[in-house]
Every structure is written in structure tokens, then in C-alpha cells.
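Remarks on the overall topology
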Amino acid sequence: MKKNILIIGCGNMGLSHVASFIKKNYNIYVYDIDYKKVKKKINITFPSIKNITILKTFPNRKKFLLTIIAT
């Protein structure tokens, strides 16, 4: 069973956190205020990775193993 990780903020530090969890068995959720900027950054940096989900709204009722605030 894959565990969920939420990363809030997708600047340089947020991308570093995504890169550190990318090869492990985790579902990575990324949230930032500017959805289009995040989608562009993630698709350029990690084009073929399937376990990253970019969120448009802040998740209220989902459980996460770890939440990283990278702002």
C-alpha cells in the first residue's frame, strides 16, 4: 500500500523534497496557490513520473503520512 505525502509550496525547496521522495513507494501530492506554475514546473522537471498529483484546492479530508511545508 502506497503512503501519501503532501508538499505545500513548489519553489526550489519544494522541488527538492519531491525529488527526494520520487523513487520511493509514496503517492506525492503537491499544493501551491499558483496551480499553473506548479503544473508546468513538475511536468518539466519530472515528465514521466506517475505518482505525483498536483492539487488545485487544499485537501481537507485526506490523510497523509507526512506533510511538508516548503514556503
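Residues numbered from 1 in each chain as written. Predicted model: local features only at pLDDT ≥ 70, side-chain atom pairs only at ≥ 80, totals over all residues. Heavy atoms only, no water.

**Details of the overall build of the chain**
- A tally of regular secondary structure across the chain gives two helices and four strands.
- The order of α-helices and β-strands along the chain, N terminus first, is β-α-β-α-β-β.
- Here the C-alpha coordinates of the chain stretch approximately 30 × 25 × 20 Å along the principal axes.
- Residues classed as buried in the chain amount to 38% of the 71 residues present.
- Restricting the contact set of the chain to residue pairs at least 6 apart, pairs at least 24 apart contribute 65%.
- Accessible surface, the chain: about 5000 Å² in total, of which carbon and sulfur atoms supply 55%. (Helix = DSSP H or I, 4+ residues; strand = E, 2+ residues; numbered from the N terminus. Buried < 20%, exposed > 50% of the residue type's maximum accessible area, 1.4 Å probe, protein only. Contact = heavy atoms within 4.5 Å. Areas by Shrake-Rupley, 256 points an atom, 1.4 Å probe, with all protein chains shown as cover.)

**A few points about the side chain of N4**
- Counting through the fold element by element, N4 comes out in strand β1 (residues 3-8).
- Within polar-contact distance, the side chain of N4 engages the backbone oxygen of K63 at 3.4 Å. (Polar contact = N/O pair within 3.5 Å; in protein donor to acceptor, adjacent residues only side chain to side chain.)

**Describing the sheet that holds strand β4 (residues 66-69)**
- The four strands are arranged β3-β2-β1-β4 in an open sheet whose pairing can be described as parallel. Every other strand in the sheet has two partners, leaving β3 (52-55) and β4 as the edge strands with one partner each. Between one strand axis and the next, the sheet turns by 20 degrees as a mean value, whatever way the strands run.
- Bridging between strand β2 (residues 26-31) and β3 involves four bridges; their strand directions are parallel. Paired with V30 across the bridge in β3 is I54.
- Contacts from helix α2 (residues 35-45) reach β2 and β3 within the one sheet, and its direction differs from that of β3 by about 165 degrees. (Pairing = 2+ DSSP bridges. Axes fitted to C-alpha atoms, helices over the stretch in contact; angles between N-to-C directions.)

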